[in-house]
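# A structural walkthrough
Okay, here's what each chain looks like letter by letter:
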Amino acid sequence: MFVLRTLRSTVRRFPILSFVVLACLFGWIPYLFGLYGAWSRPQNFPFGPLPAALIVVACQGRTELRAWGRRLRDWRVAPKWYLLAVLAPAVVQCGNVLINHGLGAPLPTAEQWADWPTVPAMMVIVLVLVGFGEEAGWFAFAAPILLRRHGLLLVWVLASAMRIFWHLPLMLSGHLSWTVGIVGNAAFVMVMLQVFVASRGRWTPIAVWHATLNAFGGSFFFQMVTGADRARLDYLLAGVYTVIAIVTYLAGRKTSARSVAQVGEYGEDAAVGGVVVDEAELGEQGRGVLADRALAEEEPAGDRLVGQSFGHQR
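Conventions we followed
- Residues numbered from 1 in each chain as written.
- Predicted model: local features only at pLDDT ≥ 70, side-chain atom pairs only at ≥ 80, totals over all residues.
- Heavy atoms only, no water.
- Axes fitted to C-alpha atoms, helices over the stretch in contact; angles between N-to-C directions.
- Helix = DSSP H or I, 4+ residues; strand = E, 2+ residues; numbered from the N terminus.
- Parallel < 35°, antiparallel > 145°, perpendicular 65-115°, else oblique.
- Left-handed = near helix turned anticlockwise from the far one by under 90°.
- Contact = heavy atoms within 4.5 Å.
- Nonpolar A, V, L, I, M, F, W, Y, C, P; charged D, E, K, R; others polar.
- Phe/Tyr/Trp six-rings, centres within 6.5 Å; stacked < 30°, edge-to-face > 60°.
- Buried < 20%, exposed > 50% of the residue type's maximum accessible area, 1.4 Å probe, protein only.
- pLDDT = per-residue confidence, 0-100.
- Core = buried A, V, L, I, M, F, W, Y, C linked by side-chain atoms within 4.5 Å.
- Salt bridge = Lys/Arg side-chain N within 4 Å of Asp/Glu carboxyl O.
- Patch = residues over 30% accessible without salt bridge, like charges linked within 9 Å, V, L, I, M, F, W, Y side chains within 5 Å.
- Areas by Shrake-Rupley, 256 points an atom, 1.4 Å probe, with all protein chains shown as cover.

Before going further, it helps to spend a moment on the packing of helix α5 (residues 62–73) against helix α8 (residues 118–149). For the pair α5 and α8, the least separation of the axes is 10 Å and the interaxial angle reads 120°. In terms of orientation, α5 and α8 fall into the oblique class. The chirality of how α5 crosses α8 is right-handed. Across the interface between the two elements, Trp68, Arg71 and Leu72 of α5 pack against Ala136, Ala140, Phe141, Pro144 and Arg148 of α8. Partitioning the contact of α5 with α8 into residue classes produces six nonpolar, no polar and two charged.

Here it is, written out as structure tokens:
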């Protein structure tokens, strides 16, 4: 019992670190089987972050567990975000194929194009395994906590580091190129953070985006070329997402205060889905929203910024 209480206390005190450790533990299980010959070509178990987040949240208490459960079940978001989550990664992948062709790679043959009906089915499969399995941890759990505690750039650094580290075995084994594993993941995290904040803390468009990216990329277009042409697609994917990340970050800086103020009028917290920004960053309008809500509920505005934070006990 003492050991269990100590472990729970540690998880409650260090939720993000505990989440990363557990996500790697669950995600890297196939490699453990591979050491004993039970798995010939092991890869990361995509559901790793989901049970890791569940354990960490459960250690925080019933209130936090119910809040996380509501966030997971909340798919309500403007249709434009789901449309963007499907079209944007698909267009990027198609554009990369055309650029790759301009650099010498062959275009997909008619026989290869004939397999396109498998893409929607693959999207559903990847959405369940990868979209839900990973993003329920990375964005439905970890991102809100990080956004409460740090500014966007530091959140990006920390979230990128966690994601890259989790993918490390894939890079070491050759299943994922170092370019996509490091540069691509870092750029993807920045783009998804912008989507997360702009959609008022909704994680489901990110899951759909991730599924579309993988279904059109690794499961379709990336299978059509080999050698240098295949490697070039990795460079193009990482490069294009890096450009998108820079553009969205610069564009998001101009509208962040207004977006936070609008988010403050909706949901339970100062930002829906747990995205909470320091009062100093809100501006006069944003602070006014928080003050009105605090007076209405007879609760100090400062407490509204941390009241739902995992690890913070009232």
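Time to look at the packing of aromatic side chains. Per the counting criterion, the structure on display carries 13 aromatic pairs. Both rings, one in phenylalanine 132 and one in tryptophan 203, keep their centres 5.9 Å apart while their planes meet at 65°; by these two values the pair is edge-to-face. With phenylalanine 132 in helix α8 and tryptophan 203 in the loop between α11 (178–198) and α12 (204–216), the pair connects residues that are 71 residues apart, well separated along the chain. Relative accessible area serves as the criterion here: at 22%, phenylalanine 132 is assigned to the partly exposed category. For tryptophan 203, a relative accessible area of 4% translates into the label buried. Taken together, a centroid distance of 6.2 Å and an interplanar angle of 55° make the contact between phenylalanine 188 and tyrosine 241 tilted. Taken together, the residues phenylalanine 188 in helix α11 and tyrosine 241 in helix α13 (residues 227–264) connect sequence positions 53 residues apart.

Here we come to the confidence of the model for the chain. For the chain, the mean per-residue pLDDT works out to 82, and 81% of the residues sit at or above 70. Here residues 260–314 scores under 50 on pLDDT; set against residues more than four positions off or in separate chains, the count is 98 contacts.

Turning our eyes to something else, we now look at the nonpolar core. Formed by 76 residues in total, the largest nonpolar core has its most connected members in Phe19, Phe139, Phe141, Trp209 and Tyr241. Broken down by element, this core gets its largest block of residues, 15 residues, from α8. Setting aside anything within four residues of it in sequence, one finds tryptophan 209 in contact with Leu84, Ala85, Ala88, Pro89, Phe188, Val191, Met192, Val195 and Tyr241.

With that out of the way, let us pick up the pattern of salt bridges. Taken as a whole and judged by the stated rule, the model has five salt bridges. Among the salt bridges present, the one from arginine 76 reaches aspartate 74, with a minimum N-O distance of 3.2 Å. A salt bridge links arginine 232 to aspartate 229, with the shortest nitrogen-to-oxygen separation between them at 3.1 Å. Taken as a pair, arginine 232 and aspartate 229 lie in helix α13 at a separation of three residues, close to a single helical turn.

The subject of this paragraph is a nonpolar patch on the surface. Among the surface-exposed residues, Met1, Phe2, Val3, Leu4 and Leu7 lie close enough to one another that they form a single nonpolar patch of about 610 Å² accessible area. Among the secondary structure elements, methionine 1 is positioned in the segment before α1 (2–13).

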